[in-house]
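Inside the fold
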Amino acid sequence: MAYFAVTFTFSWAIQVPLALAAQGLLATSLPLGLHYVASFGPLVAAVVVTLVTRGWSGCRELAARAVRWRAPAGYYGFAVAAPLVVFGAFVLGGWLVSGDRPDLGALGEVDYLGSLGLLPALGLWMATFGLGEEVGWRGFALPRLQAGHSALGASLVLGLFWAAWHLPAIFYRDTYRELGWMVVPVLLSVATVGPVVYTWLFNSTHGSLLLVILFHGLFDFFSVWPTKGPVGPGFVMTVLLVFWAVRVYKVYGPATLSTEEKVTV
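The following paragraphs examine the structure supplied in this document. What you see is a predicted model; the values in this text were computed from it and never measured.

Observations concerning the overall build of the chain
Counting secondary structure elements, the chain contains 10 helices and 2 strands. Tracing the chain from N to C terminus, the helices and strands come up as α-α-α-α-β-β-α-α-α-α-α-α. When the backbone C-alpha atoms are referred to their principal axes, the chain occupies close to 50 × 45 × 30 Å. Counting the 265 residues in the chain, one finds 45% classified as buried. Contacts in the chain between residues far apart in sequence, at least 24 positions, make up 75% of those at least 6 positions apart. Counting only carbon and sulfur atoms, one obtains 71% of the accessible surface of the chain, whose full area is about 12,700 Å². Charged side chains in the chain number 14 positive and 12 negative. The centres of these two groups are separated by 10 Å.

Comments concerning the pattern of salt bridges
Under the defined criterion, the tally for this structure stands at 4 salt bridges. For Glu61, the salt bridge goes to Arg54, with nearest N and O atoms at 3.2 Å. Classification of Glu61 by relative accessible area gives partly exposed; the value is 32%. Residue Arg65 pairs with Glu61 through a salt bridge whose shortest N-O separation is 3.9 Å. With a gap of 4 residues between them, Arg65 and Glu61 both fall in helix H3 (residues 41-66), about one helical turn apart. When its relative accessible area of 8% is taken as the criterion, Arg65 is described as buried. When salt bridges that share partners are traced, they join Arg54, Glu61 and Arg65 into one network.

Description of unusual backbone geometry
The residue Tyr112 is not glycine, and still its phi comes out positive at about 75°. Summarising the element assignment, Tyr112 is placed in the loop between strand S1 (109-110) and strand S2 (114-115).

Digging into the packing of helix H5 (residues 118-146) against helix H8 (residues 183-204)
Interhelical geometry of H5 versus H8 gives an angle of 80° and a closest axis separation of 11 Å. Relative to H8, the element H5 is oriented roughly perpendicular. Between H5 and H8, the contacting residues are Glu134, Arg138, Leu142, Pro143 and Gln146 on the first element and Pro195, Tyr198, Thr199, Phe202 and Asn203 on the second. When the residues that make up the contact of H5 with H8 are grouped by side-chain class, the tally is 5 nonpolar, 3 polar and 2 charged.

Considering the packing of aromatic side chains
All chains considered together, the criterion is met by 21 aromatic pairs. These aromatic residues form a ring-pair network of at least three members: Tyr3, Phe4, Phe8, Trp12, Trp137, Phe140, Phe161 and Trp165. Positioned above the aromatic ring of Phe140, the side-chain terminus of Arg144 is 3.8 Å from the ring centre. Between the NZ or CZ atom of Arg247 and the centre of the ring of Trp244, over which it lies, the distance is 4.7 Å.

A word on a nonpolar patch on the surface
The grouping of Leu160, Phe171, Trp181, Val184 and Leu188 at the surface amounts to a nonpolar patch, some 520 Å² of accessible area in total. With respect to the helices and strands, the residue Val184 is situated in helix H8.

Criteria and cut-off values
- Residues numbered from 1 in each chain as written.
- Predicted model: local features only at pLDDT ≥ 70, side-chain atom pairs only at ≥ 80, totals over all residues.
- Heavy atoms only, no water.
- Helix = DSSP H or I, 4+ residues; strand = E, 2+ residues; numbered from the N terminus.
- Buried < 20%, exposed > 50% of the residue type's maximum accessible area, 1.4 Å probe, protein only.
- Contact = heavy atoms within 4.5 Å.
- Areas by Shrake-Rupley, 256 points an atom, 1.4 Å probe, with all protein chains shown as cover.
- Lys, Arg positive; Asp, Glu negative; His and termini not counted.
- Charge placed at Lys NZ, Arg CZ, Asp CG, Glu CD.
- Salt bridge = Lys/Arg side-chain N within 4 Å of Asp/Glu carboxyl O.
- Axes fitted to C-alpha atoms, helices over the stretch in contact; angles between N-to-C directions.
- Parallel < 35°, antiparallel > 145°, perpendicular 65-115°, else oblique.
- Nonpolar A, V, L, I, M, F, W, Y, C, P; charged D, E, K, R; others polar.
- Phe/Tyr/Trp six-rings, centres within 6.5 Å; stacked < 30°, edge-to-face > 60°.
- Lys NZ or Arg CZ within 6 Å of the ring centre and 35° of its normal.
- Patch = residues over 30% accessible without salt bridge, like charges linked within 9 Å, V, L, I, M, F, W, Y side chains within 5 Å.

Given below as structure tokens:
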């Protein structure tokens, strides 16, 4: 609970003023680019609480997970190749249907920060919503939740906190505001199925945060690519994520969501 308290305090100290300013309830205008700083709340909380409770040795263990690269090639295929293939298929399909050449340069456009270029934009997503989130959610919280719950139960509990963490962004992020109140069931749905897949990847690789960071960063990076049609790559990848979560549950069961044992602390 200390971890969640620090996570929400750090992130919401940035997000709540952004939401109030966007709704006209705060006279001061704040740069929306601060949204990306808020993504480091889970990481900051993980480091602070680990340092207080387990000292520098605990922090070194947490850091070691973030660079743990030894894992079967198939999981790299899922974490890295799968988002690339799905995005490539989406873009190619749209090109063949419409005849309009896709603007891949738009991947370098970042909301509120303008055009950063392809590699800097990818680096930003990896650093913020990859590293910034996953060191906390999967690196710190999940092993502790799994110590007292099944892998499925731990995933669902973590998913509820993850969904709540996003709530202030509903009131200032353009992509969320465009959905209206439908954003609430959308967030809850993603919070239900997404953590199941992340837990499967984490447990299957004996706690490799690196693969989870890569998958989360790439998933978000390709999801925000702008499209003229009603369905974007983010929708397609989310639907596929739902199917994979169902498969994980049916094949591996709720106890571990994996052929391996749960990773616990």
